[in-house]
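Residues per chain are reported as follows:
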Amino acid sequence: MIQENCTSFGRRTDRRSPDPKAGGQRKSSSQKHMGGDLKMMKTTKLKGVVAAACLTASLMVGGAAASLAAEVSLTIAVPDWPPTRIMKRFFDEQYKPKSGNVVKLEVDFIPWPDFFTRVNASLTSGERKYNFIVSDSQWLGSFVEGGYFRKVNELLDADPEFKKTFMDIHPGLRDAYSTYPHKSENYYGFPQFPDVLVTFARKDIICDETEQKNFLAKYKKKLPCTGEEIDAMTWDDFRNVGEFFRRRKGEMLAGKPAEDDFYGIAFQAGKAYDFSSMQINGLIWQMGGDIWDETKAPKGRAQGVVNSPAAVKALETYLGLLEYMPPVAKTGTMDIFKTDELFREGKVAMNVNWIGLGEAALDPKTSRVSDKLVFGMMPGTVGPDGKMVRWSNIGGQPFVLTTWTTDAQIKEAAEFVKWWLSPAIQHQFAAAGGQSAIKSVYSDPKYVTYRPWNRTWATSLDWQKDVWHVPQFFELLTQQQDQFDRAITGKQNAKTTLDNIAKFQQNLLGEAGFIQ
């Protein structure tokens, strides 16, 4: 047997490093939107293969068998948190490409607060560093219109098995993670990690017999203790938990003097990125308000919708709950990591947060309350028909491919995504603390046995909405976050806040042609 380095033509040459920049000529906007990138990639296939792969040929001297093994590198940008760390670990431990190629996954872990800024800078600078990005859902419009994200319809149409899996994704998640324009049949992404907000709670506190007795005496209602009782909790109940469990250091708490100041409730109220918007949007939807709806363009409006009386009441409810949280909640720095930290330190009875952060709460090495936990759905609002309304802002992220990714990289990336979305890996991911968007996976009876929050997963999915996918999303988001922060830190009231946001959005979206 002779082994040698060669090109895809089998000619002997020096071993080359992967070069994701090669073969990526930019296309016109219309070509990109019609999925023309794949045709372009076909014309540059040879360049792509050469650039992406360093080939090793194994030839059987005197025999009939011959094989080629290419080395293909995929460079991916991801937010640095447990769901992407698990993905990398699974890849390193288990992934074996069907092609027989040597596939490397180079992962750039980026802290959440810097994630958009870093990826945006990379894409717009033209460095073409990433072949693959775990994108937040609201980025789709901006980066599709910018020519950076690759439409994947042709990949799906060419592979019935892949398309079958794709169409088994919960439709709400598929809309959020894949479509542009929003809720169209133009697909751009695949779910890497879907997520929803749930309630984390300490059963050693909320199930304590004395606390149960005193809460019932004060509020004439049982203090939620089991997961099912937490599921039935309204925002009014959540407020009562906050008020009831506000204790100073040394005061009695579940039969013992509190080791530190203690608080009943917490949720995200941070100025950075989208932290307060993700919580406030859910309250606005639940209480009959709305945000500007891009699917209603150009007739949908921001003025009168974003600042409707129902939306103002919802924001007032959100701000009123801050009173019962740790003081940091009113500083604009209560992001998802701070509220998670406070809960794991044992300073809060209930915390609303993403499932993606749940694993650390169960780990005794990182959590003082790891053996005291119970989980339920995020609080809801009782509607006029007496039924619970549970709208929430969807979390989680999709994989997307960049438009300069070569044919060889696209093929391996698609195979990696198919492997990631396969039932065996999706079940393993859920068992390790992740979640699955695939209906045939999350509806399997054993799915709820993996983690204590999994019982809330399927029932939450039908209540998820998303923010705008339009190219102006970051201007909309940063202005809204700034205004919410002014309200959270006590600088202005809810009505002024939403009036300012509505006026800004009306002007911006009018100038962009989304509002007539």
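Report follows, based on the coordinates. (Residues numbered from 1 in each chain as written. Predicted model: local features only at pLDDT ≥ 70, side-chain atom pairs only at ≥ 80, totals over all residues. Heavy atoms only, no water.)

1. Observations regarding empty space enclosed by the protein
At step 1: Taken as a whole and judged by the stated rule, the model has five cavities of 30 Å³ or more.
At step 2: By volume, the largest cavity amounts to about 150 Å³.
At step 3: In terms of lining residues, the largest cavity is bounded by 16 residues, among which W112, D136, D274, W354 and Q397 are the most central.
At step 4: Within the residue set of the lining of the largest cavity, elements represented by two or more residues are α14 (275–286) and β18 (395–401).
At step 5: If you tally residues by element for the lining of the largest cavity, the top one is β18, at three residues.
At step 6: Residues belonging to the lining of the largest cavity are distributed by class as follows: eight nonpolar, five polar and three charged. (1 Å grid on protein atoms, 1.4 Å probe; cavity = no way out; pocket = protein on both sides within 12 Å on 5 of 7 lines; lining within 4 Å. Points joined across faces, edges and corners; volume = space filled by probe spheres on them. Helix = DSSP H or I, 4+ residues; strand = E, 2+ residues; numbered from the N terminus. Nonpolar A, V, L, I, M, F, W, Y, C, P; charged D, E, K, R; others polar.)

2. Description of the packing of aromatic side chains
At step 1: Under the definition given, this model contains 44 aromatic pairs.
At step 2: Here the aromatic rings of F143 and F149 are separated by 5.3 Å at their centres, their planes lie at 65°, and the arrangement is edge-to-face.
At step 3: Here F149 falls in the buried class, since its relative accessible area comes to 2%.
At step 4: Relative to F245, the ring of F244 has its centre 4.9 Å away and its plane inclined at 80°; by these criteria the two rings are edge-to-face. (Phe/Tyr/Trp six-rings, centres within 6.5 Å; stacked < 30°, edge-to-face > 60°. Buried < 20%, exposed > 50% of the residue type's maximum accessible area, 1.4 Å probe, protein only.)

3. Quick look at the pattern of salt bridges
Any two side chains of opposite charge can pair if their charged atoms end up close together.
At step 1: For the structure on display, the rule yields 28 salt bridges.
At step 2: One salt bridge connects K88 with D92, and the closest N-O pair in it is separated by 2.8 Å. Remark: D92 and K88 occur in helix α4 (residues 82–94); sequence separation between them is four residues, near one turn of the helix.
At step 3: Exposure remark for K88: the relative accessible area of 19% places this residue in the buried category.
At step 4: R239 is the partner of E243 in a salt bridge, and the nearest nitrogen-oxygen pair spans 3.3 Å. Linking E243 with R239, this pair stays in helix α13 (residues 235–244), spanning four residues, or about one helical turn. (Salt bridge = Lys/Arg side-chain N within 4 Å of Asp/Glu carboxyl O.)

4. Focus: the sheet that holds strand β7 (residues 197–202)
At step 1: Strand order in the open sheet formed by four strands is β10-β13-β7-β14, with mixed pairing between adjacent strands. Each edge of the open sheet carries a strand with a single partner, namely β10 (263–266) and β14 (373–377). Strand-to-strand twist of the sheet, defined as the mean angle between neighbouring strand axes without regard to direction, takes the value 20°.
At step 2: Where β7 lies against β14, five bridges are found, and the strand directions are antiparallel. For R202, the partnering residue across the bridge sits in β14 and is L373. (Pairing = 2+ DSSP bridges. Axes fitted to C-alpha atoms, helices over the stretch in contact; angles between N-to-C directions.)

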